[in-house]
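Examining the three-dimensional arrangement
In case you want the letters, here they are:
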Amino acid sequence: MSNKSIFYVTTPIYYPNDIPHLGHAYTSIAADVLARFHRSLGDDVLFSTGTDEHGQKIENAAKKAGKETKEFVDNLIPQFKEAWKVLNISYDDFIRTTEYRHKSAVIEILKRCYENGDIYKGNYEGLYCLGCEAFYLEKDLDDGKCKIHKTKVEVVKEESYFFRLSGYQEKLLDYYEKNIDFLSPYHKREEIINRVKEGLNDLSITRTSFKWGIPFPYDEKHVIYVWFDALTNYITCAGFPDNPKKFEEFWPASVHLVGKDIMWFHQVIWPAMLMSAKLALPKKVFAHGWWTVNGEKMSKSIGNVISPIETSKKFGADELRYFLLREASFGEDGDYSEKSFIQRINSDLADDLGNLLSRALTLIEKNFESVIPQKHDSTNMDEELMKSLDIFEEYQKYMDSLEFNNALSSVWRAVQGANKYINDAQPWKIEDKKRLGTVLYNVAEALRIISIYIEPFMPTKAYEMRLCLGVRDESFKTLKHHIKPGLKTVKGNHLFKKYDIKLIEKEEQEKKNKEKVEKEKEKKEINKKTDAHESKKIMQQDFSILNLKVGKIVDIKMHPNADKLYIEQIDFGTETRQILSGLRGYYAADELLGKKVVVVTNLKTAKIRGLESQGMLLASEEDGKVGILFLEHANVGENVSIEGVTPSTKEIVYEEFAGVKMEVKYGVAYFENSELKAGSEKVKVERIKNGPIR
Ligand code: ME8
């Protein structure tokens, strides 16, 4: 074993049911900052992240997309890796829970808990939130809905194996008391302690109603509950059970970083599992705060989900890393807005740090031909500067307690100290070359030191600063070294770009207005046919002219010439048809893929923007929302009709179709007072309670 300190940091393993957003990036950036800080100190670091790929939620998402589950997740992993690459996340291990090494770890920890008598068979009847993949009691809900996802919970009733969590109440409370850092941040520990004191229920750890998980080794009908599986990833990455040498070196983890949403799993269930398996407990589990966007929860339906990739491309990855860790205290919630982000870039980064570097380089270029000058006698002012740079102790204390914003404030006090030094020393007025050399040497030395402190947060900018100063291979191990006179400096581009908030706001507004106009235009175009029918005074038509069928959307592409149209391939069992729909502004492609929809199949083939549409998919529109007609159980190719009406086989034109007045009432499709059905299943309509069907 080496004498080096060991540091093992983890992020949650994210669900790959969607692409990563700002919230996921936040935890990964924080973990990366810690990993880089410890590497710079010379520690042996293990930094793990990954994806949580089992469970019903993933299985359902794959079904919805009409894909095999493994194929579905395989397709999403590159997006996570791409995001972490763009953000410079220097993980050592990316674990996927579908890997073989993970299965062995899960089976082994389960076996140990089982042999310890903590697993028994029973029956589960309770409430389950699929979004959380968690069981809840009535008292945990808001009007029958999950407080986090605001969706109705399912009643689950099945045979299950249980983990005897109830047996760990006293042991956990005792552990929390003796290991004061375990529940972090400190001010949130009472919340967990009080809940544990209220009593712990045994945890259902197997399911029988779906198959996408690791099989339970003692009973093949069951798969292991996704959280029991996922939490184990932290020991899999540390080498459990097949690499005992690595495991001994890296386990227990120094810190698990998690969002406050999953605090309970990490601070209660996970330590109890480890106690049962007689494994050491992580030293710290830190639950950080939640990011909102312009004061609102990030959500697909609001359309305010911030992509870390897009944002980094627009403003820079280091800038984003800095902003997220500077703007909010790590244990508290934060709010993202482009305005506050730009303010931070302009003032802290461009004005304070960027200017300091460019002033120093300009003066060195002008007076010493871009060579770091010699240092001569020091004055009080010089001593003051060096004192203001002596921040290691407080910086380290803040990094150890994950007070990233405070660590950065300390660094920025040093940056301001260096700016003040230049302002006070006024090198542009100094005539004595020796004194001028000393002042500029000191500024260059200050910049070298600052580059070491900012590196964990902004690795690329730290590297660029060093290139400008002619230094390399700096780290906390070289903090006490000094910059060498004679090094060649390079005046590169500005370290940070400044942004004009007003201009960006104006551009955003213009973009929004343009989108609005285009949407209106597109809407008009799509409604043209309806308008046409109105002007032709189409006669009211009877339902019996229609031939409606259930079809499944098996492929979706964007129309190359119309940005509001999708090209859907719809499977009817005996044939597949191409249908164009104006759903693109309302549905993401993966929301439609795999859906069973209702199609008018006897409509004359139409050409829309150069492409054929062999029928029409039915939807309803109300108050700017659009929802499709859909079925859950019906078979593809099945007829959709109202009672007593046989579908027609005669081809009709659009105007005839438009004369059939169908509508949505309370989420169900009707013609006059008859429900539309496929067999015995009613046709339901997504998103729309009442409205016309087109
Ligand atoms: O919970 N603000 O995965 P997940 C801050 N697979 N952080 C946020 C955030 C926000 N708005 N949104 C998400 C899971 N996060 C499980 C974890 S671990 C054994 C299994 C971050 O994809 C935060 O770290 O839902 C949160 O805990 C995590 O993403 C949830 O990611």
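Notes on the structure follow. (Residues numbered from 1 in each chain as written. Predicted model: local features only at pLDDT ≥ 70, side-chain atom pairs only at ≥ 80, totals over all residues. Heavy atoms only, no water.)

**Digging into the overall build of the chain**
When helices and strands are tallied, the chain shows 21 helices and 31 strands. A total of 694 residues make up the chain; the buried ones form 54% of that total. Counted over contacts in the chain with a minimum sequence separation of 6, partners at least 24 positions apart contribute 75%. Just so you have it, the chain exposes about 32100 Å², and 49% of that area is on carbon and sulfur atoms. Here the chain carries 103 positive and 107 negative side-chain charges, and the mean point of each set is 2 Å from the other. (Helix = DSSP H or I, 4+ residues; strand = E, 2+ residues; numbered from the N terminus. Buried < 20%, exposed > 50% of the residue type's maximum accessible area, 1.4 Å probe, protein only. Contact = heavy atoms within 4.5 Å. Areas by Shrake-Rupley, 256 points an atom, 1.4 Å probe, with all protein chains shown as cover. Lys, Arg positive; Asp, Glu negative; His and termini not counted. Charge placed at Lys NZ, Arg CZ, Asp CG, Glu CD.)

**Quick word on the pairing of strand β22 (residues 619-622)**
Strand direction decides the pairing type here: β22 and strand β23 (residues 625-631), joined by four bridges, are antiparallel. In the strand pairing of β23, Glu 622 is matched with Lys 625. Where β22 hands over to β23, the hairpin turn is made up of two residues, of which Asp 623 adopts a positive phi near 50 degrees. (Pairing = 2+ DSSP bridges.)

**Topic: the site of the ligand**
The immediate surroundings of the ligand are formed by 23 residues, with Ile 13, Thr 27, Asp 52, Asp 261 and Trp 291 found nearest. Backbone polar atom of Tyr 15 to an oxygen atom of the ligand: 2.9 Å apart, as the coordinates give it. In the model, an oxygen atom of the ligand is placed 2.7 Å from a nitrogen or oxygen of the Thr 27 side chain. About the coverage of the ligand: the protein hides 93% of its 680 Å² of free accessible area. Contributing elements (two or more residues each) for the shell around the ligand: β1 (6-14), α1 (22-41), α7 (226-231) and α8 (233-237). (Near = heavy atom within 4 Å. Polar contact = N/O pair within 3.5 Å; in protein donor to acceptor, adjacent residues only side chain to side chain.)

**Details of the side chain of Asn 405**
Along the polypeptide, Asn 405 turns up in helix α16 (residues 404-425). Apart from the residues lying within four places of it in its own chain, the contact partners of Asn 405 are Leu 325, Arg 326, Ala 328 and Ser 329.

**Re the sheet that holds strand β7 (residues 183-184)**
Strands sit in the order β3-β2-β1-β11-β12-β7 across an open sheet of six strands; the sheet is parallel. Both edges of this open sheet fall to β3 (93-96) and β7, since each of them pairs with a single strand only. With seven bridges joining them, β1 and strand β2 (residues 44-51) adopt parallel strand pairing. Residue pairing in the sheet places Tyr 14 in a bridge with Thr 51 of β2. Where α1 meets the sheet, it contacts β1, β2, β11 (255-259) and β12 (285-288), and its direction lies at approximately 170 degrees from that of β1. (Axes fitted to C-alpha atoms, helices over the stretch in contact; angles between N-to-C directions.)

**Section: the sheet that holds strand β4 (residues 119-129)**
Strand order in the open sheet formed by four strands is β5-β4-β6-β8, and the pairing between neighbours is antiparallel. The outermost strands of the open sheet, each flanked by one partner alone, are β5 (134-136) and β8 (203-204).

Everything listed here is a matter of geometry and, on its own, says nothing about what the molecule does.
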